[in-house]
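Below, each chain spelled out in residue letters.
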Amino acid sequence: MKPAMETAAEETTEQSQDKKGCFECCIKCLGGVPYASLLATILCFCGVALFCGCGHVALTGTVTILEQHFSSNPEDHALLTEVIQLMQYVIYGVASFFFLYGIILLAEGFYTTSAVKELHSEFKTTACGRCISGMFVFLTYILGVAWLGVFGFSAIPLFMFYNMWSSCEVIKGLPTNLTTTIDQICVDVRQYGIIPWNALPGRACGPALENICNSNEFYMSFHLFIVTCAGAGATVISLLIYMMATTYNYAVLKFKSREDCCTKF
């Protein structure tokens, strides 16, 4: 019969080993997480969601403002309306594509981490795997360049609404500025090329512009375009992180093609 003290000591040792094994397992799992790809995926989902959701509503508000205040003839803005509707449908496709692409890149990041080596000791890189990884590098670079253009394009309506907002602020400050009358402050959207020069009225001055400034559609669309531009910027940043992650993973697969893949990016 073992003494009670020895039995208690053995039980304590076994419990400490079990706890240590659980701790080491957690550290092992956390060490195989591709944190850069995970961060890029979260940032990409948030950016695309903001860009698509806010952009869709902002475009609808823009059409409403245009129809009510700047173009009385539907034929003058018919082409613009069709383009905006097409862009809204494109937004649905962009959201779906980036949702799937983000999941694929995140899975590729997990695939090329040390977790694969630790869970599958016989894991070897193949020519097909390196080819797929290289394809992700190329496609991510193309998408990054394309989204730089999208980011710049999203700044155009923001610029137009900012100019209108600046005119609204001038109208609000007229009591302290006696050198300018309200009728001298105008906004002409025809100069941006979104409606033809013969469109009527084409511009808003004085009280008409003040009514636009006080409308909910204007301020909602303005703030939504700000969020849309911020979402596009966040997506560009996420794609830059994806570029670094996929390039690093491809380089490791390329130079260690005869060994087990072991990366943590």
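Remember, it's a predicted structure, so these values are computed and weren't measured experimentally.

Draft legend 1. Structural context of the overall build of the chain. Of the regular secondary structure elements, the chain holds seven helices and two strands. Walking the chain from its N terminus toward its C terminus, one meets helices and strands in the order α-α-α-α-α-β-β-α-α. Counting only residues that meet the buried cut, the chain has 38% of its 265 residues in that class. Contacts spanning at least 24 positions in sequence make up 79% of the contacts within the chain whose residues lie at least 6 apart. Accessible surface computed for the chain: about 15500 Å², of which carbon and sulfur atoms make up 68%.

Draft legend 2. Focus on the layout of surface pockets. Here the largest pocket is characterised by a volume of approximately 770 Å³. For the largest pocket, the lining is made up of 31 residues, of which Leu59, Met87, Phe153, Pro157 and Phe225 are closest to its centre. Among the residues making up the lining of the largest pocket, the classes are represented as 27 nonpolar, four polar and no charged.

Draft legend 3. Examining the packing of aromatic side chains more closely. Taken as a whole and judged by the stated rule, the model has 13 aromatic pairs. Ring geometry for Tyr101 versus Phe136: centroids 6.4 Å apart, planes at 70 degrees, classification edge-to-face. Of this pair, Tyr101 sits in helix H3 (residues 78-111) while Phe136 is found in helix H5 (residues 127-172), placing the two residues 35 residues apart along the sequence. Accessibility assignment for this pair places Tyr101 and Phe136 in one class, buried. Through successive ring pairs, a cluster of aromatic residues spans Phe161, Tyr162, Trp165, Phe218, Tyr219, Phe222 and Phe225.

Draft legend 4. Spatial organisation of the state of the cysteines. All told, the structure shown has two disulfides when counted by the stated rule. The side chain of Cys168 participates in a disulfide bridge whose partner is Cys213; the two sulfur atoms lie 1.8 Å from each other. Its S-S torsion of about -80 degrees marks the bond between Cys168 and Cys213 as left-handed, since a negative value means left-handed. Remark: Cys213 occurs in helix H6 (residues 207-213) and Cys168 occurs in helix H5; sequence separation between them is 45 residues. The disulfide partner of Cys186 is Cys205, and the S-S distance across this bridge is 1.9 Å. Looking down the S-S bond of the Cys186 and Cys205 bridge, the torsion is 115 degrees, so its handedness is right-handed. A residue pair is termed long-range when its members are at least 10 positions apart, and Cys186 in strand S1 (residues 186-188) and Cys205 in strand S2 (residues 203-205) qualify at 19 residues. Residue classification places Cys186 among the partly exposed residues on the basis of a relative accessible area of 30%. Numbered by order of appearance in the sequence, the disulfide-linked cysteines of the chain pair as 1-4, 2-3. With no disulfide of its own, Cys44 has Cys46 as its nearest cysteine by sulfur position, at a separation of 9.3 Å.

Draft legend 5. The UniProt feature "transmembrane region" (unreviewed entry) in the chain, seen in detail. Here, the residues flagged by UniProt with the feature "transmembrane region" (unreviewed entry) are residues 38-66, 86-111, 132-156 and 224-248. A distance of 36 Å separates the end C-alpha atoms of residues 132-156, which is 100% helix and 0% strand. What you have in residues 224-248 is 100% helix and 0% strand, and the ends, taken at the C-alpha atoms, are 36 Å apart.

Draft legend 6. Representation of the nonpolar core in the model. Phe70, Met164 and Leu209 are the most contacted members of the largest nonpolar core, which has 47 residues in total. At the level of elements, helix H2 (35-70), H3, H5, H6 and helix H7 (216-255) are the ones that each hand at least two residues to this core. With 13 residues, H2 is the largest single contributor of residues to this core. Those residues in contact with Phe70 that lie beyond four places of it in its chain are Ile65, Met164, Val187, Val189, Ile195, Leu200, Pro201, Gly202, Arg203, Ala204 and Ile212.

Draft legend 7. Examining the pattern of salt bridges more closely. Within the structure shown, the criterion is met by one salt bridge. A salt bridge links Arg190 to Asp188, with the shortest nitrogen-to-oxygen separation between them at 3.0 Å. The same class applies to Arg190 as to Asp188, namely buried.

Draft legend 8. Inspection of the packing of H2 against H3 at higher detail. Relative to each other, H2 and H3 sit at 170 degrees, their axes nearing to 9 Å. One way to sum up the angle between H2 and H3 is to call them roughly antiparallel. For the contact of H2 with H3, the per-class residue count stands at 20 nonpolar, nine polar and no charged.

Draft legend 9. Structural view of the side chain of Thr246. Note on placement: Thr246 falls in helix H7. The exposure class of Thr246 is buried, given its relative accessible area of 2%. For Thr246, the side chain forms a polar contact with the main-chain oxygen of Tyr242, separated by 2.7 Å. A distance of 3.2 Å separates the side chain of Thr246 from the backbone oxygen of Met243, its partner in a polar contact. Apart from residues lying up to four places away in sequence, Thr246 is in contact with Leu105, Glu108, Ser133, Val137 and Thr140.

The rules we used
Residues numbered from 1 in each chain as written. Predicted model: local features only at pLDDT ≥ 70, side-chain atom pairs only at ≥ 80, totals over all residues. Heavy atoms only, no water. Helix = DSSP H or I, 4+ residues; strand = E, 2+ residues; numbered from the N terminus. Buried < 20%, exposed > 50% of the residue type's maximum accessible area, 1.4 Å probe, protein only. Contact = heavy atoms within 4.5 Å. Areas by Shrake-Rupley, 256 points an atom, 1.4 Å probe, with all protein chains shown as cover. 1 Å grid on protein atoms, 1.4 Å probe; cavity = no way out; pocket = protein on both sides within 12 Å on 5 of 7 lines; lining within 4 Å. Points joined across faces, edges and corners; volume = space filled by probe spheres on them. Nonpolar A, V, L, I, M, F, W, Y, C, P; charged D, E, K, R; others polar. Phe/Tyr/Trp six-rings, centres within 6.5 Å; stacked < 30°, edge-to-face > 60°. Disulfide = S-S within 2.5 Å. UniProt positions renumbered as here; feature names shortened; annotations may be inferred. Core = buried A, V, L, I, M, F, W, Y, C linked by side-chain atoms within 4.5 Å. Salt bridge = Lys/Arg side-chain N within 4 Å of Asp/Glu carboxyl O. Axes fitted to C-alpha atoms, helices over the stretch in contact; angles between N-to-C directions. Parallel < 35°, antiparallel > 145°, perpendicular 65-115°, else oblique. Polar contact = N/O pair within 3.5 Å; in protein donor to acceptor, adjacent residues only side chain to side chain.

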